[in-house]
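As a plain string of letters, each chain reads:
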Amino acid sequence: MSGSSRTSADLDPRRRKILFRAWHRGMRENDLIMGGFADAHIGTLTEAELDEFERLIEVLDRDLLSWITGEAEVPSNYDTPVFRRLKAFHHHERPIHV
């Protein structure tokens, strides 16, 4: 079970692979973070943005989660526009379960 709400039928092979990998990272929290972002944006990312997103998929789960939550500083080589979009996509000003 992937959790994805998006079909991959209209995607080219590279985007299909990235979408699958975004939903199958290992740590469920990161599956939801990366997969949710991929569901929303995979169809519109440029080739360069896909390169950046694939690099983020390769980051260790604990590192990525600590960067997203702000517990650790994002290394400059990963502090890219795609990472900032990913982080903003999951940012909430108030609790989401009120």
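Residues numbered from 1 in each chain as written. Predicted model: local features only at pLDDT ≥ 70, side-chain atom pairs only at ≥ 80, totals over all residues. Heavy atoms only, no water.

**Observations regarding the overall build of the protein**
Scanning the protein from terminus to terminus reveals 5 helices and 0 strands. Secondary structure elements of the protein, listed N to C terminal, follow the sequence α-α-α-α-α. Looking at the protein as a whole, 35% of its 98 residues are labelled buried. Across the protein, contacts joining residues at least 24 apart in sequence account for 58% of those joining residues at least 6 apart. (Helix = DSSP H or I, 4+ residues; strand = E, 2+ residues; numbered from the N terminus. Buried < 20%, exposed > 50% of the residue type's maximum accessible area, 1.4 Å probe, protein only. Contact = heavy atoms within 4.5 Å.)

**Regarding helix H2 (residues 28-41)**
Counted at 1.5 Å a residue, the expected span for H2 with its 14 residues is 20 Å, and the 20 Å between its end C-alpha atoms agrees. For H2, the buried fraction is high: 10 of the 14 residues fall into the buried class. When we look at burial in H2, the residues that qualify are Asn 30, Asp 31, Ile 33, Met 34, Gly 35, Gly 36, Phe 37, Ala 38, Asp 39 and His 41. Where H2 is buried, its residues contact helix H1 (13-23), helix H3 (47-57), helix H4 (61-69) and helix H5 (81-89). (Expected span 1.5 Å × (residues − 1).)

**Description of the confidence of the model for the protein**
The predicted model of the protein averages 87 in pLDDT, with 86% of residues at 70 or higher. Across the protein, element-level confidence peaks in H3 with a mean pLDDT of 97 and bottoms out in H2 with 92. (pLDDT = per-residue confidence, 0-100.)

**Let's talk about the nonpolar core**
In this structure, Met 34, Phe 53, Leu 56, Leu 64, Phe 83 and Leu 86 are the most contacted members of the largest nonpolar core, which totals 23 residues. Breaking this core down by element, the ones donating at least two residues are H1, H2, H3, H4 and H5. Leaving out residues up to four positions away in the same chain, Phe 53 has contacts with Ile 18, Ala 22, Met 34, Phe 37, Ala 38 and Val 82. (Core = buried A, V, L, I, M, F, W, Y, C linked by side-chain atoms within 4.5 Å.)

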